[in-house]
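So you can see what is in the structure, the chains are spelled out below.
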Amino acid sequence: MNFEQAVNILLVDDRPENLLALESILGNLGHQLVMAHSGQAALKALLRQDFAVILLDVQMPGLDGFETAELIRGRERSQHTPIIFLTALDRSDARVFKGYSVGAVDFLFKPFMPEVLRSKVAVFVDLFRKTQEIQRHAEELELRVRERTSELTVANRTLRAEINERRRAEEALRYQLDLNRAITNNTAEALFMLDAEGRTTFMNPAAEQMFGWRQAELLGKVLHDHIHHRHPDGRTFPTAECPLGEVFRSGEALRNHEDLFVHRDGTYIPVYCSNVPIHVDGKVTGAVVSVNDITQRKRAEEERERLYREAQEAIQARDEFLSIASHELKTPLTALQLQLQMLLRSASKNGGAKLTPERLLQKLHLADQQTDRLAGLINDLLDVARIRTGRIEIRLEEVDLTEVVRDVLARFEEQITQAGCSVWLRAEAPLLAHWDRSRLEQVFTNLLSNAIKYGPGKPIEIWVNGDATTAELTVQDHGIGIAPEHLERIFVRFERAVSANHYGGLGLGLYIVRQIVEALGGTIRVTSELGHGSTFTVALPRSVAVAEAEIR
C-alpha cells in the first residue's frame, strides 16, 4: 500500500439525509465511504473490513452512538479505530465527557464547518496510512533480517547486500522521523514528551507559544512544576495528585480530560489534555502529553450563559409588564364603562328626567378623567415605542419654564386637593429658553404625579431657577422615599422601586422622563431617604442646537 491508496471511512447515522450530507462533504477526498444506518449495521461493517476513521452519530434509535462505540472498542481489531462523534442536540459537558470516556477522539456539534470535518478526517486517514505503512515496513524488515541471518555463512557479497538493505531501511526510518517531526512541529496542539520521572524531553513550537516557555528552558525539568503546580486560587497542586503523573502510576492512557494549566506569566489556561504512556518491554518509560487550549470555547460558553440569563430576565420583565399594563389599562376603562352604563340607565328611565344637570356634569367629569388617564397610559406606551426605534421628535420653541410649571399645577389642583397635599412653589419668572413645551409638561407631569402618588397627605416643594446657561427644575416630596439600591433602577424601562400591587403605573414614567431630558441635552438626578421622601432635579441647557434628538 502506498500513501496515495484510498482507505475505508465508516459513516453511521440513522437519517439518510445526514449520510448524504457527509458523503457530499467527504466524497472529494477520494476514499471509500461505507454507509451504516444503525449501530448494528456499523458493527457488521467492521466485521467485513477495517476503517481509517468512524463518524458516529450520537442520537440513534436502538443502539445509540455511545453503546456502539463501547462495542467497537471491545473488539481487539477495532479498539484503536478513531471515532468522531457527531451530534446536534445535547451540547452539555456531561455528554461530551461521556463521548470521550467511551473512546472518542473528537466530538463535533452540528452544524459544523465542512472544511473542519474534512481536515480532521484527513488527519486520521493520513495516520491510518502511515501506521499501515510502518507495520508493513516493519514486517518486511523483520523478514529480511531473518533471511540475512540465515545467509551469514554465504559469500561476502550477500553480506554487503544485507548491509545496503539495512542502510535503505535506516534512510526510510530517518524519513519517517523527519515526517513525524514535521507533523509535531506544525500541529496546533501543544505536545510534550516526558521521561519516566515526568521530566520534559521534548516540546513542540505550539507548546512554547501556548505556555511561554522555550524548550531549552524546560528540558530535563519536571513539567508539573512549571505548568501544572497551582490551583486557580493559588494553592499548590500536589505532584501525587497530578493527572500528568497518573499514566506512570496506572500505565493507562488518560484522554481528553479538562484541566487548568499555568502560563509562564502566571495566567491560567483552560485546556483539554491527553496523557498517553510509552511502553518499552512492558514498562512505562515515558509519556506523550497533548494539550488543546479551550479558552475561546470557555468564553463562548460563558457568553452563551450570559445571553440566556438576559433573555430569561427579558422574558420575565415582558410578562410582568404585560400583567401590569393589562391591569393599568383595564382600571380606567372599567371606571369609564361604569360611568357610561350609569348614564345610560339614568337616561333610559323616564327619558332622563331623574338625571339633573349637576349630576350629569359630575359623571361626565369622572368619565373625562378616566379617558385622560387611559390616554396618558397609551401615550406612555407610544413614547416607549418611539424611543425603542431610536428617535423621538423634539419641536423647539421659546418656552417659559416657570409658566409650564404653573400651568401643570393648575391642571393638577383638584388631584392635589384630593390627595391632601400642599404645594410650595418658588420660581424665577420668567425663565425663557428654546425647549419643547409639550415635552417639558410631560416631564413635570410625571414628577408631580409621582410626588402625589408616593406622598399623599404630605407637602410638595418645587423650585424653578437657573443662570445664563442652565435651568433647573426640582421636585421634592416627603413620601415613602426610595431605598439606595433602587435609585438607579427606577429610570429603567418597566422597573419600579415598590410593588405594583400597592402602587399603580406601568413603570415607564421616569424612564420616559430621563429620555426626554437627555434628548434636550440635560440630566436628571435623584436623592432620597427611605421613609422621608425623594428629590428629583432636572438640569437643562438654555440652548438646544437641533430640532430632533436621537434616543438610545
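Not measured: the values here are computed from a predicted model. (Residues numbered from 1 in each chain as written. Predicted model: local features only at pLDDT ≥ 70, side-chain atom pairs only at ≥ 80, totals over all residues. Heavy atoms only, no water.)

A. Molecular detail of the packing of helix H2 (residues 39-48) against helix H3 (residues 65-74). Where H2 contacts H3, the axes come no closer than 10 Å and their chain directions differ by 20°. With respect to their mutual orientation, H2 and H3 come out roughly parallel. At the point where H2 passes H3, the crossing takes the right-handed sense. Contacts between H2 and H3 involve Gly39, Ala42, Leu43 and Leu46 from the first element and Thr68, Leu71 and Ile72 from the second. (Axes fitted to C-alpha atoms, helices over the stretch in contact; angles between N-to-C directions. Helix = DSSP H or I, 4+ residues; strand = E, 2+ residues; numbered from the N terminus. Parallel < 35°, antiparallel > 145°, perpendicular 65-115°, else oblique. Left-handed = near helix turned anticlockwise from the far one by under 90°. Contact = heavy atoms within 4.5 Å.)

B. View of the sheet that holds strand S10 (residues 283-293). Sheet architecture is open: five strands sit in the order S7-S6-S10-S9-S8, paired in antiparallel fashion. Both outer strands of the open sheet, strand S7 (200-203) and strand S8 (254-262), are each paired with one neighbouring strand and no more. Averaged over all adjacent pairs, the angle separating strand axes in this sheet is 30°, with direction ignored. By the bridge criterion, seven bridges tie S8 to strand S9 (residues 268-280) in an arrangement that is antiparallel. Looking at the pairing, Leu260 lines up with Pro270 of S9. (Pairing = 2+ DSSP bridges.)

C. Here's a closer look at the pairing of S10. Where strand S6 (residues 190-195) lies against S10, six bridges are found, and the strand directions are antiparallel. Bridged to Met193 within S10 is Val288. Linking two consecutive strands that pair antiparallel, namely S9 and S10, is a turn of two residues; a positive phi of about 55° is found at Asp281 within it.

D. Focus on the environment of Cys273. Within the fold, Cys273 resides in strand S9. The class for Cys273 is buried, based on a relative accessible area of 0%. Residue contacts for Cys273: discarding those within four places in its chain leaves Leu244, Leu254, Arg255, Asn256, His257, Phe261, Val289, Ser290 and Val291. (Buried < 20%, exposed > 50% of the residue type's maximum accessible area, 1.4 Å probe, protein only.)

E. Summary view of the nonpolar core. Phe444 and Phe536 are the most contacted members of the largest nonpolar core, which totals 43 residues. Beyond its immediate chain neighbours, meaning those up to four positions away, Phe536 contacts Leu447, Leu473, Thr474, Val475, Ile482, Ile490, Phe491, Leu510, Ile524, Arg525 and Val526. Of all hydrophobic cores here, the second largest spans 26 residues; its members include Val12, Leu46, Val58 and Ile294. (Core = buried A, V, L, I, M, F, W, Y, C linked by side-chain atoms within 4.5 Å.)

F. Just the packing of helix H15 (residues 437-454) against helix H16 (residues 509-519), in detail. Packing of H15 against H16 leaves a shortest axis separation of 10 Å and a crossing angle of 145°. The crossing of H15 and H16 is left-handed. Residues Arg439, Gln442, Val443, Asn446, Leu447 and Asn450 of H15 lie in contact with H16, whose contacting residues are Gly509, Leu510, Ile512, Val513, Ile516 and Val517.

Limitation: the analysis is restricted to geometry and does not speak to function.
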